[in-house]
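# Observations on chain architecture
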Amino acid sequence: QVQLVESGGGLVQAGGSLRLSCAASGRTFRSYAMGWFRQAPGKEREFVAVISWNGGSTEYGDSVKGRFTISRDNAKNTVYLQMNSLKPEDTAVYYCNAKSGPYDYWGQGTQVTVSS
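All figures in this text were calculated on a predicted structure; none of them were measured in a lab.

## Focus: the sheet that holds strand 3 (residues 18–24)
The strand order across the open sheet formed by 4 strands is 1-3-8-7, and the pairing between neighbours is antiparallel. Every other strand in the sheet has two partners, leaving strand 1 (4–7) and strand 7 (68–73) as the edge strands with one partner each. If you compare each strand with its neighbour and ignore which way they point, the axes differ by 15° on average. As judged from the 6 bridges shared by strand 7 and strand 8 (residues 78–83), these two strands associate in the antiparallel manner. Residue isoleucine 70 lies in a different strand from strand 8, and its bridge partner there is leucine 81.

Right under this line is the structure:
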């Protein structure tokens, strides 16, 4: 069982930056690929970014490429999402995800609001 707690969301003006954190419980954190997803009101959940268990591989959704960076610190059981050049369309609840084989865990989400 893995519990995920996101933090770092808030209100920011367009063009600004935020860094989200996701703290994971459990000693098996390093065995999970970690990802970020987001969901805006009235829209489906959207893939944002994913990082492999050792940080050696990352992927990004087309809408955030070049602006967002995912990273992880396995010693701290934490994954980060650095968000730069934020746009109003980035407004959403951001969810942390941990996945390994059949195991798939989600956090409760953190709200990010970008004002124009």
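Now that the structure has been shown, the text picks up again.
## So, the state of the cysteines
Within the structure shown, the criterion is met by 1 disulfide. The disulfide partner of cysteine 22 is cysteine 96, and the S-S distance across this bridge is 2.1 Å. Here cysteine 22 and cysteine 96 share a disulfide; its torsion about the S-S bond, -85°, makes the bridge left-handed. With cysteine 22 in strand 3 and cysteine 96 in strand 9 (residues 92–100), the pair connects residues that are 74 residues apart, well separated along the chain. Judged by its relative accessible area of 0%, cysteine 22 is buried.

## Description of the environment of serine 57
Mapped onto the elements of the fold, serine 57 is located in the loop between strand 5 (46–51) and strand 6 (58–60). When residues no more than four places from it in sequence are discounted, the contact partners of serine 57 are Val50, Ile51 and Ser52.

## Re the packing of aromatic side chains
Any aromatic ring pair is given by two values, namely how distant the centres are and how the planes are angled relative to each other. This model, assessed by the stated rule, comprises 3 aromatic pairs. Aromatic side chains phenylalanine 37 and phenylalanine 47 sit 5.6 Å apart centroid to centroid with 70° between the ring planes, which places their arrangement in the edge-to-face category. Of the two residues, phenylalanine 37 is situated in strand 4 (residues 33–39) and phenylalanine 47 in strand 5; the sequence distance between them amounts to 10 residues. Here the aromatic rings of phenylalanine 37 and tryptophan 106 are separated by 5.0 Å at their centres, their planes lie at 65°, and the arrangement is edge-to-face. A residue pair is termed long-range when its members are at least 10 positions apart, and phenylalanine 37 in strand 4 and tryptophan 106 in strand 10 (residues 103–106) qualify at 69 residues. Through successive ring pairs, a cluster of aromatic residues spans Phe37, Phe47 and Trp106. A cation over an aromatic ring shows up here: arginine 45 above the ring of tryptophan 106, its NZ or CZ 4.6 Å from the ring centre. Taking NZ or CZ as reference, arginine 72 lies 4.6 Å from the ring centre of phenylalanine 29, over its face.

About the cut-offs
- Residues numbered from 1 in each chain as written.
- Predicted model: local features only at pLDDT ≥ 70, side-chain atom pairs only at ≥ 80, totals over all residues.
- Heavy atoms only, no water.
- Pairing = 2+ DSSP bridges.
- Helix = DSSP H or I, 4+ residues; strand = E, 2+ residues; numbered from the N terminus.
- Axes fitted to C-alpha atoms, helices over the stretch in contact; angles between N-to-C directions.
- Disulfide = S-S within 2.5 Å.
- Buried < 20%, exposed > 50% of the residue type's maximum accessible area, 1.4 Å probe, protein only.
- Contact = heavy atoms within 4.5 Å.
- Phe/Tyr/Trp six-rings, centres within 6.5 Å; stacked < 30°, edge-to-face > 60°.
- Lys NZ or Arg CZ within 6 Å of the ring centre and 35° of its normal.

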